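Close look at the chain arrangement
Here is how the chains run, residue by residue.
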Amino acid sequence: MLNRTKQVQKSGNNSTNIQANEVKIINGITYTETRQIAQEVFEANFYRLSEQAMQVAKARVNELMDYFLSELQKRAPHALSSVLDPDMQFVLYTSLREYARTGDKDLGQLLVDILVDRAKNNERTLMQIVLNESLSVVPKLTIEQFDALSLIFLIKYTKCSEMRNIQILSAYIDGYYVPFMGNLTKEPSYYQHLEYTGCGSISIGEIRIERVFRETYSGLFCRGFKKDEFLAQIISGETFSSEEINALEALFTPCLHNSNLYQLNAKDDEDLEKRCTSMGISKENITKIKDIYSKYLMSEQEVKEFLRKVHPCMDKLFDYWDNSYMKNMVLTSVGIAIAHANIRRKINENFDLSIWIK
């Protein structure tokens, strides 16, 4: 920890001090000046504490400030000048203030992750507004709520484009779900508080994990079929040309669950439609293929039982999901931004947040 004495706000070259709200505006900036500005803004606005408490608060501020500037230089060195902006100074100050109050490491890491994203967004857009609001909400949440938001986001709002076999499925669960499962809770108050803070709403409807997987990764959950049996159903309608039938046969691949049977080589309905279209199969016949193929997919209950066998953690995840408001939560833009930051913090996955917040 660095011990720093109280600094007095001074104007440098081409600078103006605005004493009414202690915001310092400078034209041109270095790393050292950035740190000094942040320090001065904090000390000019933070309430007075006892000498001992103030020393603890200053140590925490220095810790967070150094971490923020280090991450900013790594991820967006061009954004150092963002601290010249009054709005950025305000959210930086409030983040330093909240960390000074608690010193909670998880909170500090999450604040810094969002602050760096905020520093990169210097125009007043929806993204900037959402990030500003996220910085004000994060200090009101617990680690249990951070991790619940992340799991809800991963399960309901994302899709793994590389989900082609059971080995990838197991690795995905291990890498993306397990890190967030140590702090889960079923207590209704945790999810009601998420609703209160604007991170989401508790819907009457619910989304089950097994349904998400069956719809999103249907290619993993085909029980398999005999080639002749499948083709007989296709031919019976007399709408397929011989070229279309040959194209369809090219999609047959050994079933993941029974090597003596077949399935279609497609990750999901969307992938199947794209492949069929590229092979010249008509829309009408693609619909028929999808209808016939759906008969060979596992039921939702079968998907649930299979997922339990794929990874031991799924028993726990199903228990918490099915017996809490997780299945009912609909995330807001703020909930998504916080979930996104927590995912990057814990597993270093850098999703593009603009996919969800335009």
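Thresholds, definitions, all that
Each chain has its residues counted from 1, running along the sequence as written. Only residues with pLDDT of at least 70 get local features here, since the model is predicted, and only at 80 or more are side-chain atom pairs given and counted; chain-wide, interface and lining totals rely on the full set of residues. To obtain the side-chain values, all non-hydrogen atoms of the structure were included, while hydrogens and water were left out. Note on conventions: DSSP H or I runs of at least 4 residues are helices, E runs of at least 2 residues are strands, and numbering of each starts at the N terminus. Here the term buried applies to any residue with accessible area under 20% of the maximum for its type, exposed to any over 50%, and partly exposed to those in between, with areas from a 1.4 Å probe on protein chains only. Whether two residues touch is decided by their heavy atoms; if any such pair falls within 4.5 Å, the residues are in contact. Per-residue and other accessible areas follow the Shrake-Rupley method at a 1.4 Å probe size, with only the shown protein chains counted as cover for residues. Note on definitions: salt bridges are taken to be side-chain nitrogens of Lys or Arg within 4 Å of carboxyl oxygens of Asp or Glu. Here a cavity denotes grid points, spaced 1 Å and computed from the protein atoms alone, that fit a 1.4 Å probe unable to get out, and a pocket denotes an open set having protein on both sides within 12 Å along at least 5 of 7 lines; residues with an atom within 4 Å of a point are the lining. Grid points are joined across faces, edges and corners, and a volume is the space filled by probe spheres set on the points. Under the scheme applied, nonpolar residues are Ala, Val, Leu, Ile, Met, Phe, Trp, Tyr, Cys and Pro; charged residues are Asp, Glu, Lys and Arg; polar residues are all the others, including Gly. Lines fitted to C-alpha atoms define the axes, with helix axes restricted to the stretch in contact, and inter-axis angles between N-to-C directions lie between 0 and 180 degrees. The labels follow the angle: roughly parallel below 35 degrees, roughly antiparallel above 145, roughly perpendicular from 65 to 115, and oblique for the rest. Handedness of a crossing is defined here by the sense of rotation of the near helix relative to the far one, left-handed for an anticlockwise turn of less than a right angle and right-handed for a clockwise turn. To define a nonpolar core, start from buried Ala, Val, Leu, Ile, Met, Phe, Trp, Tyr and Cys residues and group those joined through side-chain atoms within 4.5 Å. pLDDT gives the predictor's per-residue confidence on a scale running from 0 to 100. Ring pairs are drawn from Phe, Tyr and Trp, using the six-membered ring of Trp, whenever the two centres fall within 6.5 Å, and their geometry is named by plane angle: stacked under 30 degrees, edge-to-face over 60, tilted for the rest. The criterion for a charge sitting over a ring is simple: Lys NZ or Arg CZ within 6 Å of the ring centre, and within 35 degrees of the ring normal.

Another aspect to go through is the overall build of the protein chain. Scanning the protein chain for helices and strands turns up 16 helices and six strands. The buried share among the 358 residues of the protein chain stands at 49%. Taking as baseline every contact in the protein chain between residues at least 6 positions apart, the subset at least 24 positions apart corresponds to 75%. A total of about 17,300 Å² of accessible surface is found on the protein chain, and carbon and sulfur atoms cover 48% of it.

Looking now at the pattern of salt bridges. Once their charged atoms are close, side chains differing in charge can pair, the charge on each being opposite to the other. Applying the stated criterion to the full structure yields 26 salt bridges. Residues Lys346 and Asp147 are paired through a salt bridge, measuring 3.1 Å at the closest nitrogen-oxygen approach. A residue pair is termed long-range when its members are at least 10 positions apart, and Lys346 in helix α16 (residues 333-347) and Asp147 in helix α6 (residues 143-157) qualify at 199 residues. On the basis of relative accessible area, Lys346 is assigned to the partly exposed category, the value being 30%. What makes Asp147 buried here is its relative accessible area of 0%.

Quick look at empty space enclosed by the protein now. Enumeration according to the criterion identifies one cavity of 30 Å³ or more in this entry. Space inside the largest cavity adds up to approximately 40 Å³. In terms of lining residues, the largest cavity is bounded by Leu154, Ile155, Thr158, Tyr172, Tyr177, Val212, Phe213 and Tyr217. Counted by class, the lining of the largest cavity contains seven nonpolar, one polar and no charged residues.

Looking now at the packing of helix α10 (residues 227-235) against helix α13 (residues 283-294). Two elements in contact, α10 and α13, have axes separated by 10 Å at closest approach and are oriented at 140°. Taken as axis vectors, α10 and α13 run oblique relative to one another. Relative to α13, the crossing made by α10 is right-handed. Seen from α10, the contacting residues are Phe230, Gln233 and Ile234; seen from α13, they are Lys288, Ile289, Ile292 and Tyr293. Its residues assigned to classes, the contact of α10 with α13 shows five nonpolar, one polar and one charged.

A word on the nonpolar core. Grouped together as the largest cluster of nonpolar side chains are 84 residues, with contacts concentrated most on Tyr177 and Ile338. Aside from chain neighbours lying at most four places away, what touches Tyr177 is Leu151, Leu154, Ile155, Tyr172, Phe213, Met314 and Leu317. Ranked by size, the runner-up nonpolar core spans 22 residues in total, among them Phe252, Cys276, Tyr293 and Leu297.

Let us look at the confidence of the model for the protein chain. Across the protein chain, pLDDT averages 87, with 86% of residues at or above 70. The element-level mean pLDDT for the protein chain is lowest in strand β1 (residues 15-18), coming to 35, with helix α8 (residues 188-196) highest at 98. Scored below 50 in pLDDT, residues 1-27 makes 56 contacts in the model with residues more than four places away or belonging to other chains.

In this section: unusual backbone geometry. Positive phi, close to 60°, is recorded for Asn348, a residue that is not glycine. Tracing the chain through its elements places Asn348 in the segment after α16. Given the relative accessible area of 66%, Asn348 is considered exposed.

Following the sequence through the fold, Asn260 ends up in the loop between β4 (252-254) and β5 (262-264). The exposure class of Asn260 is exposed, given its relative accessible area of 67%. For the pair Asn260 and Gly224, spaced 36 residues apart in sequence, the C-alpha to C-alpha distance is 8.5 Å.

Among the secondary structure elements, Val137 is positioned in helix α5 (residues 126-137). Excluding anything up to four places from it in sequence, Val137 contacts Thr197, Cys199, Val334 and Ile338.

Running from amino to carboxyl end, α6 crosses helix α7 (residues 166-177) at an angle of 145°, the nearest separation of the two axes being 11 Å. When α6 is examined against α7, the residues Leu151, Leu154 and Ile155 are found in contact with a partner set consisting of Tyr172, Tyr176 and Tyr177.

It is worth spelling out the packing of aromatic side chains at this point. Across all of its chains, the model carries 16 aromatic pairs by this definition. With a centroid separation of 4.4 Å and an interplanar angle of 25°, the aromatic rings of Phe225 and Phe230 are classed as stacked. The pair formed by Phe225 and Phe230 is uniform in burial state, with each residue classed as buried. One aromatic cluster is present, built from ring pairs that chain together Phe225, Phe230, Phe252, Tyr262, Tyr293 and Tyr296. The lysine or arginine in question, Lys186, covers the ring of Tyr320, its NZ or CZ lying 5.1 Å from the ring centre. Note that Lys227 overlies the ring of Tyr262, its terminal NZ or CZ placed 4.8 Å from the centroid.

One can find Ala53 in helix α2 (residues 51-75). In sequence terms Ala53 and Arg101 are 48 residues apart; their C-alpha atoms lie 9.4 Å from each other.

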